[in-house]
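Below are the chains, spelled out letter by letter.
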Amino acid sequence: MTYTYFDHNATTAVDKTALDVMLPYFQEEYGNPSSRHAPGIAARRAVDRAREQVGDAVGVQPSQVIFTSGGSEANNLFIQGAAGYMKPGQIAISAIEHPCVMKTAQELARASRGSWNLRRLAVDNQGRLDPADLDEALSHQQSGLVSVMLANNETGVIQDVSMVAEKARARGAWIHTDAVQAFGKISVDFASLNVHALTLSSHKIYGPKGAAALIMDKRLLLKPLIYGGGHESGLRSGTENVPAIVGFGVACELVKRRIAEHTTHISALRQQLERGLLEMGGTVFGLGASRLPNTCYFALPGIEGDTLVVRLDKAGFAVASGAACSSVNPGRSHVLEAMGVDPALARCAVRVSLGASNSSEQVADFLRALSAIVGELEQMSALSI
């Protein structure tokens, strides 16, 4: 059976170009980049080159790139690191943030015993941030920190982060965006977003797992999460993961080169997919909003999402019932809850996230398989009555 991967928002395969560049750093070029001998200097140059590639991809200087082990660490570094330098106040996050932002903000509020007040910003029924609620939140209390994701990992809905940043800066707040899902799918430019910091991750853009970055305004001061030898400008101690960082850098370079072509191809696939789903009576969440070109979060009323995921897996299709990082709470999406989606419909949610290697034939096969599975489930349900 041929297996089709439709879960690119969870992770992507490492591009062969990136893998080929990485391989020497596991054996031939294995020096520690902090060592001052020739192998160490070669490793340092490789890390420096990757820092340039990542910075160039979002329009910043290499010195603004702080490498971390993943997007979760980068988001934690901003929230906890900024809070370590600031006078306590309000931390405002959207109600649809990834758990690594939401739970970090919750812990900050809990550990500070009320010194930091957590404010969740409302979204509308399409998953877009409510500007009026943002204004109301910023008017009430000293808003030290604001974090709003650029694109949601479940629905793919894109937020107007530059608008949020303008309002946050006017109140003297530090503004951050988790751009992990957006990067590689839409243009991400640090200056245009007007943020103080943003997060990127390698394994969402055909790079390896284990590498990510916090992109920072040069004037931003953060307290480190990890102390030690003072790596990454003193903000992230620990020997750098050279192979992963090298692969991340190459993946960023490939993003700049290929994004226009990939976006055109993947957008056409999503349109084909959603036409078929709507013809089947499906609901597409966030359909009226600007979304990532590859993401379709849908429901077929009356059919549990988890059931569909298992059945589709057996039929040779990898999809998700939500976010991979939230799989500990199957059948429940805080994103759909924030959007006001009926809980019965939310339990039917399935996410398809397309990638560059997917084809129109695969989408057509998926729709045929889905239709057959739905028919079988409906027949079973009728027999049980």
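From a predicted model like this one, the values you see are computed outputs, not experimental measurements. (Residues numbered from 1 in each chain as written. Predicted model: local features only at pLDDT ≥ 70, side-chain atom pairs only at ≥ 80, totals over all residues. Heavy atoms only, no water.)

Participant: Before we move on, could you go through the domain arrangement of the protein chain and cite the residues and values that matter?
Facilitator: Along its sequence, the protein chain is carved into domain 1 (4–11 + 259–383) and domain 2 (16–254). On a C-alpha basis, the centroid separation for the pair domain 1 and domain 2 is 28 Å. Tallying the contact residues gives 29 residues for domain 1 and 30 residues for domain 2. Each partner contributes to the roughly 2,400 Å² buried at the junction of domain 1 and domain 2, and carbon and sulfur atoms together form 56% of this total. When residues of domain 1 are sorted by the area they lose upon contact with domain 2, Leu292, His334 and Met339 head the list and together hold 24% of the total. At the boundary of domain 1 and domain 2, one finds zero salt bridges. Remark: the boundary between domain 1 and domain 2 carries 16 residue pairs in polar contact (both at pLDDT 80 or more). It is helix 10 (residues 334–338) that contributes the most residues to the side of domain 1 that touches domain 2, three residues altogether. Taken together, the residues of the side of domain 1 that touches domain 2 break down into 13 nonpolar, 14 polar and two charged. (Domains from an automatic or database assignment. Contact = heavy atoms within 4.5 Å. Buried area = accessible area lost by both parts, 1.4 Å probe. Salt bridge = Lys/Arg side-chain N within 4 Å of Asp/Glu carboxyl O. Polar contact = N/O pair within 3.5 Å; in protein donor to acceptor, adjacent residues only side chain to side chain. Helix = DSSP H or I, 4+ residues; strand = E, 2+ residues; numbered from the N terminus. Nonpolar A, V, L, I, M, F, W, Y, C, P; charged D, E, K, R; others polar.)

Participant: Before we move on, could you go through the sheet that holds strand 10 (residues 295–299) and cite the residues and values that matter?
Facilitator: Reading across from one edge, 9-10-12 is the order of the three strands in this open sheet, with antiparallel pairing throughout. Each having just a single partner strand, strand 9 (283–284) and strand 12 (349–353) make up the two edges of the open sheet. Strand direction decides the pairing type here: strand 9 and strand 10, joined by two bridges, are antiparallel. Paired with valine 284 across the two strands is phenylalanine 298, which belongs to strand 10. (Pairing = 2+ DSSP bridges.)

Participant: I'd like to hear about the packing of helix 5 (residues 131–140) against helix 6 (residues 161–170), residue by residue, with values.
Facilitator: Where helix 5 meets helix 6, the closest approach of the two axes is 10 Å, and the angle between their N-to-C directions is 20 degrees. Taken together, the axes of helix 5 and helix 6 lie roughly parallel to each other. Note that helix 5 runs across helix 6; the crossing there is right-handed. Contacts between helix 5 and helix 6 involve Pro131, Leu134, Asp135 and Leu138 from the first element and Met163, Val164, Lys167 and Ala168 from the second. Taken together, the residues that form the contact of helix 5 with helix 6 break down as six nonpolar, no polar and two charged. (Axes fitted to C-alpha atoms, helices over the stretch in contact; angles between N-to-C directions. Parallel < 35°, antiparallel > 145°, perpendicular 65-115°, else oblique. Left-handed = near helix turned anticlockwise from the far one by under 90°.)

Participant: So, the pairing of strand 12: which residues are in play, and what are the values?
Facilitator: Across the five residues that make up strand 12, a large majority, five, are buried. Of the two faces of strand 12, the one lined by Ala349, Arg351 and Ser353 and the one lined by Val350 and Val352 are each fully buried. In terms of strand pairing, strand 10 meets strand 12 through five bridges, oriented antiparallel. Looking at the pairing, threonine 295 lines up with serine 353 of strand 12. (Buried < 20%, exposed > 50% of the residue type's maximum accessible area, 1.4 Å probe, protein only.)

Participant: I'd like to hear about the sheet that holds strand 5 (residues 143–147), residue by residue, with values.
Facilitator: Across the sheet, which stays open at both edges, the seven strands sit in the order 2-8-7-6-5-3-4 with mixed pairing between neighbours. Looking at strand neighbours, the two that pair on one side only are strand 2 (65–68) and strand 4 (117–121), the edges of this open sheet. Adjacent strand axes in the sheet meet at a mean angle of 20 degrees when their direction is disregarded. Summarising the sheet, strand 3 (residues 90–94) and strand 5 pair through four bridges and their orientation is parallel. Of the residues in strand 5, the one forming a bridge with isoleucine 93 is serine 147. Together, strand 2, strand 7 (197–201) and strand 8 (212–216) form the strand contacts of helix 2 (residues 38–58), whose direction differs from that of strand 2 by roughly 115 degrees. Each of strand 3, strand 4 and strand 5 touches helix 5; the most contacted strand, strand 4, lies at about 165 degrees to it.

Participant: An account of the packing of aromatic side chains is requested, with residue identities and associated values reported.
Facilitator: Going through the model one piece at a time under the given rule, you end up with five aromatic pairs. With a centroid separation of 5.5 Å and 80 degrees between ring planes, the pair formed by phenylalanine 317 and phenylalanine 366 is classed as edge-to-face. Of this pair, phenylalanine 317 sits in strand 11 (residues 317–318) while phenylalanine 366 sits in helix 12 (residues 360–384), placing them 49 residues apart in sequence. With respect to class, phenylalanine 317 is no different from phenylalanine 366; both count as buried. Among the aromatic residues, those joined into a ring-pair cluster are Phe6, Phe317 and Phe366. (Phe/Tyr/Trp six-rings, centres within 6.5 Å; stacked < 30°, edge-to-face > 60°.)

Participant: Break down the packing of helix 3 (residues 71–83) against helix 4 (residues 99–111) for me, with residues and values.
Facilitator: Where helix 3 meets helix 4, the closest approach of the two axes is 9 Å, and the angle between their N-to-C directions is 30 degrees. Between helix 3 and helix 4, the crossing angle belongs to the class labelled roughly parallel. Two packed elements cross with a definite hand, and for helix 3 against helix 4 that hand is right-handed. Side by side, helix 3 and helix 4 meet where Gly71, Ser72, Asn75, Asn76, Ile79, Gln80 and Ala83 of the first sit next to Cys100, Val101, Thr104 and Leu108 of the second. Looking at the contact of helix 3 with helix 4, its residues break down into five nonpolar, six polar and no charged.

Participant: Report on the side chain of threonine 295, specifying residues and quantitative values.
Facilitator: Structurally, the position occupied by threonine 295 is in strand 10. Those residues in contact with threonine 295 that lie beyond four places of it in its chain are Asn9, Glu154, Thr155, Gly156, Arg270, Glu274, Arg351 and Val352.

Participant: Residue-level account of the environment of alanine 244, with values.
Facilitator: In this fold, alanine 244 is placed in helix 8 (residues 242–279). For alanine 244, a relative accessible area of 4% gives the class buried. What alanine 244 contacts, discounting residues up to four positions off in sequence, is Met22, Pro208, Lys209, Gly210 and Ala211.

Participant: Talk me through the confidence of the model for the protein chain; I want residue IDs and the actual numbers.
Facilitator: Taken residue by residue, the protein chain gives an average pLDDT of 94. The fraction at 70 or more is 96%. pLDDT under 50 marks residues 323–328. Its contacts with residues more than four places away, or in other chains, come to seven contacts. (pLDDT = per-residue confidence, 0-100.)

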